Amino acid sequence: MPEEDLVDIKFRIYDGSDIGPFRYSATSTVDMLKQRIVSDWPKGKTVVPKSVNEVKLISSGKILENNRTVGLCKVPFGEVPGGAIIMHVVVQPSLAKAKTEKKIDDSPRKTGCACSIL
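A brief look at the structure comes next. The structure presented is a predicted model; accordingly, all values stated were derived computationally and were not measured.

1. Some remarks on the pattern of salt bridges
Under the counting rule described, the total for this entry stands at five salt bridges. Here Asp18 ties to Lys10 by a salt bridge, and the two come within 3.9 Å at their closest N and O atoms. Classification of Asp18 by relative accessible area gives partly exposed; the value is 30%. For Lys10, a relative accessible area of 24% gives the class partly exposed. Here Arg12 ties to Asp18 by a salt bridge, and the two come within 2.5 Å at their closest N and O atoms. Since its relative accessible area comes to 25%, Arg12 is described here as partly exposed. Members of the salt-bridge network, linked through shared partners, are Lys10, Arg12 and Asp18.

Given below as structure tokens:
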């Protein structure tokens, strides 16, 4: 594979640390990147993705779709020769799990208003 078809990518996680850089083909998909992130997630972090579906990748302010390729994610301006593209990683637990873990407070609510209508 020609050297110019390879792209260096670093993944920045919530605490500012990085995973990578790794070298990918321009035809690699975002889904492939997410699989690598989940498998190489650093040990000892408080937030850990359980699956690829919990990972969102952000590049240039846009959430990347799973079927997009690395070649389409490259930003032509501002690239530094020999530099790595930095993609931000957001871990978002699935809604079904979050709803079952969320405690529901059914106690009656008191309003702090002691207004009277004249």
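Let us keep going from here.
2. Here's the deal with the sheet that holds strand S1 (residues 6–12)
Pairing within the open sheet is mixed, and its five strands lie in the order S2-S1-S5-S3-S4. Since the sheet does not close on itself, it has two edges, and those belong to strand S2 (18–25) and strand S4 (62–63), each with one partner. Sheet topology places strand S3 (residues 55–59) next to strand S5 (residues 85–91); four bridges connect them, and they run antiparallel. Across the sheet, the residue bridging to Val55 is Val91, located in S5. Contacting S1, S2, S3 and S5, helix H1 (residues 30–39) crosses the sheet at an angle of about 120° to S3.

Calculation criteria
Residues numbered from 1 in each chain as written. Predicted model: local features only at pLDDT ≥ 70, side-chain atom pairs only at ≥ 80, totals over all residues. Heavy atoms only, no water. Salt bridge = Lys/Arg side-chain N within 4 Å of Asp/Glu carboxyl O. Buried < 20%, exposed > 50% of the residue type's maximum accessible area, 1.4 Å probe, protein only. Pairing = 2+ DSSP bridges. Helix = DSSP H or I, 4+ residues; strand = E, 2+ residues; numbered from the N terminus. Contact = heavy atoms within 4.5 Å. Axes fitted to C-alpha atoms, helices over the stretch in contact; angles between N-to-C directions.

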